[in-house]
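# Survey of secondary and tertiary structure
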Amino acid sequence: MKYKPSIIENNNLRDKAVQEGLALCYLMESGKINPDLDRAKIRSSASVLKDAFSSLSDAVGTGRESVLGFSTKTLSQISQLKTLLNQSYTNRVESACDELCQTVSQWKSALEGKISSANEESGEKEKVSRAKRNLLLKLDELNEIKNAYQFNEKRLEEVIRGHEKDIEELENILVDENNERKINRLYSEIKAKRVLLDTANNSHKNYIFCSNLLDLVHQLIKEKIIVAEFSEDELNKARAYLKIKDLKKVISQPERAVTILKKMQDDVNSMVPKISENEKRIYALDTSSAVASDEAISYKQALIEKRRAKAASNDIDELKNNIGDKVKVEDLT
């Protein structure tokens, strides 16, 4: 049904967004997010978001404001934030929260008559052609598939940890066992567990690779193709490149999805010759391994040294300040 501004319609859009927004805030505050994220910063962002949505919930316009654009953008940004909470980049979450707060604030201002809602309604999303809108819908589906891959990544993390603990326990028993029959049985169990562990590690590695490929294809289309001056035919071609149905069929088979995704990435890149550097980046993403590489260890060590140096510098500055304060007191006496 086509949207027609009215108090009832506008309030329904507002209430739905507020409900989704506050649910997102609860998720952020509860800590049910990627453990690599800085939880203190995430909770701080959640507090600001909660205030913004609570403020919006009290805003009531005349019913003549056209706020569908605000609603669509807000729900899209909420969905994007949920995805980012499953990743490891705190700065991206904070940035997305800032953008969402700005959208919610503009929505409230439009209801209060402080800005023209017509500007938003005729904004970027309303200006894009039908072809661009269809391509954006495909990107939403692509994002859903990426979420499925990330779910399987987490599931396999638990499976891998379970196998590793089982192997460690069996090895401890084997070390203390003297009965040769039992030694053979334990060794057979360990070998079987190692096969399961290798299988899980390979699947986990493929899921990470698939997720990274999808993320890059998503960004290429959103940041390069959507904003470019491509014809309708070219945009429809880009949409056809996104083999959503094929990907859905192999969600549980990441090794098959890799082939589809590499072809998809090549097709999309063919539309954007200027971003050939991304082809190098895409294969550089496949760095997952059950064993940390020498390069990764060296990089970690360099970060540790950098952190120590910064801490030492802060200690020296604090010591200087304390000495300075002491000198000032002695001068006064």
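Scroll up to find the structure.
Attention here is on the structure that accompanies the text. This structure is a prediction, so every number in the text was calculated from the model and none was measured. Residue numbers run consecutively from 1 along every chain, following the written order of its sequence. Local features in this predicted model are restricted to residues whose pLDDT is 70 or higher, and side-chain atom pairs enter the listing and the counts only when it is 80 or higher, whereas totals over whole chains, interfaces and linings include all residues. Calculated side-chain values reflect all of the structure's heavy atoms, with hydrogen atoms and water omitted.

To continue, consider the overall build of the chain. Within the chain one finds 13 helices and zero strands. Scored against the burial criterion, the 333 residues of the chain give a buried share of 35%. We call two residues in contact when some of their heavy atoms are within 4.5 Å. Of the contacts made within the chain by residues no fewer than 6 positions apart, 78% connect residues no fewer than 24 positions apart. Put simply, the chain shows about 20,700 Å² of open surface, and 50% of that area lies on carbon and sulfur atoms. Numbering of helices and strands starts at the N terminus; helices are DSSP runs of H or I of at least 4 residues and strands are runs of E of at least 2. The rule is simple: take the accessible area with a 1.4 Å probe, protein chains only, and divide by the maximum for that residue type; under 20% is buried, over 50% is exposed, in between is partly exposed. The method behind every accessible area is Shrake-Rupley, applied with a 1.4 Å probe, and residues are considered shielded solely by the protein chains displayed.

As a further point, take the pattern of salt bridges. A side-chain nitrogen of Lys or Arg and a carboxyl oxygen of Asp or Glu constitute a salt bridge if their distance falls within 4 Å. According to the stated counting rule, one finds 10 salt bridges in the structure shown. R185 is the partner of E189 in a salt bridge, and the nearest nitrogen-oxygen pair spans 2.7 Å. You can see E189 and its partner R185 sitting in helix α8 (residues 180-225), four residues apart, about one turn around the helix. What makes E189 partly exposed here is its relative accessible area of 32%. Given the relative accessible area of 41%, R185 is considered partly exposed. Through salt bridges with shared partners, a single ionic network connects E157, E158 and R161.

What follows concerns the packing of helix α2 (residues 39-57) against helix α4 (residues 90-111). The convention used is that axes are lines fitted to C-alpha atoms, helices contributing only their stretch in contact, and that angles between N-to-C directions extend from 0 to 180 degrees. Packing of α2 against α4 brings their axes to within 9 Å, and their N-to-C directions diverge by 10 degrees. Here α2 is positioned roughly parallel relative to α4, judged by the angle of their axes. Contacts from K41, I42, S45, V48, L49, A52, F53, S55 and L56 in α2 reach T90, V93, E94, C97, L100, C101, V104, W107, K108 and L111 in α4. Polarity classes work like this: nonpolar for Ala, Val, Leu, Ile, Met, Phe, Trp, Tyr, Cys and Pro, charged for Asp, Glu, Lys and Arg, and polar for all others, with Gly in that last group. Per-class residue counts for the contact of α2 with α4 are 13 nonpolar, three polar and three charged. Angle categories are assigned with fixed cut-offs, so that under 35 degrees is roughly parallel, over 145 is roughly antiparallel, 65 to 115 is roughly perpendicular, and the rest are oblique.

Now for α2. For α2, spanning 19 residues, the distance from its first C-alpha to its last is 26 Å, which sits close to the expected 27 Å at 1.5 Å a residue. Among the residues of α2, I42, S45, A46, L49, A52, F53 and L56 are the ones counted as buried. Taken down its axis, α2 places every buried residue within 125 degrees of arc, on the same side. Turned more than 90 degrees off the buried face of α2, the exposed positions are A40 and D51. Each element contacted by the buried residues of α2 is listed here: α1 (7-30), α3 (68-84) and α4. Any pair of N or O atoms that falls within 3.5 Å is considered a polar contact. Within protein, one atom must be able to donate a hydrogen and the other to accept it, and sequence-neighbouring residues count only if both atoms are side-chain atoms. Where α2 begins, the capping side chain belongs to D38, and its oxygen is found 3.1 Å from the backbone nitrogen of A40. A helix is expected to span 1.5 Å multiplied by its residue count minus one. In this description, the arc belongs to the directions extending from the helix axis to the C-beta atoms.

This paragraph deals with the packing of aromatic side chains. Whether two aromatic rings pair depends on their centres lying within 6.5 Å, for rings of Phe, Tyr and Trp, where Trp uses its six-membered ring; planes under 30 degrees apart make the pair stacked, over 60 edge-to-face, and the rest tilted. Using the criterion set out here, one finds two aromatic pairs in the structure. Between Y149 and Y207 the ring centres are 5.8 Å apart and the planes differ by 50 degrees, which places this aromatic pair in the tilted class. One end of the pair, Y149, is in helix α7 (residues 130-176); the other, Y207, is in helix α8, and 58 residues separate them in sequence. Classification of Y207 by relative accessible area gives buried; the value is 2%. Each ring is checked for a lysine NZ or an arginine CZ that lies within 6 Å of its centre and within 35 degrees of its normal; such an atom marks a charge sitting over the ring. Lying over the aromatic face of Y89, R92 brings its terminal NZ or CZ to 4.3 Å of the ring centre.

In these notes, a set of buried Ala, Val, Leu, Ile, Met, Phe, Trp, Tyr and Cys residues joined through side-chain atoms within 4.5 Å is what counts as a nonpolar core. With 31 residues, the main nonpolar core has M28, L49 and V93 as its most contacted residues. Elements that contribute at least two residues to this core include exactly α1, α2, α3 and α4. A total of nine residues in this core trace back to one element, the largest contributor, which is α4. Not counting chain neighbours up to four residues away, the residues in contact with L49 comprise L24, C25, M28, L81, C97, L100 and C101.

Contact geometry for α3 and α4: axes closest at 10 Å, N-to-C directions at 160 degrees. In terms of axis orientation, α3 runs roughly antiparallel to α4. As for how α3 packs across α4, the hand of that crossing is left-handed. Contacts between α3 and α4 involve F70, S71, K73, T74, Q77, I78, L81 and L84 from the former and R92, V93, A96, C97, E99, L100, T103, V104, Q106, W107 and A110 from the latter. Looking at the contact of α3 with α4 residue by residue, the classes come out as 11 nonpolar, five polar and three charged. Throughout, a crossing is termed right-handed when the near helix is turned clockwise from the far one, and left-handed when it is turned anticlockwise from it by less than a right angle.

Glancing now at the side chain of Q150. Looking at the secondary structure, you find Q150 in helix α7. Not counting chain neighbours up to four residues away, the residues in contact with Q150 comprise T83, N86, Q87 and S211.

All right, on to the side chain of T74 then. Mapped onto the secondary structure, T74 falls in helix α3. The class for T74 is buried, based on a relative accessible area of 0%. When near neighbours in sequence (up to four residues on either side) are disregarded, T74 contacts A17, F53, L100, T103, V104 and W107.

Here α3 is 17 residues long and its end C-alpha atoms lie 24 Å apart, about the 24 Å a rise of 1.5 Å per residue gives. Burial in α3 covers these residues: G69, F70, S71, T74, Q77, I78, L81, T83 and L84.

Glancing now at the state of the cysteines. The disulfide criterion used throughout: a pair of cysteine sulfur atoms within 2.5 Å. Applying the stated rule across the entire model yields zero disulfides. This cysteine, C25, is not joined by any disulfide, and C97 carries the nearest cysteine sulfur, 7.8 Å off. Here C97 is not cross-linked by a disulfide; its sulfur's nearest cysteine counterpart is in C101, at 6.6 Å.

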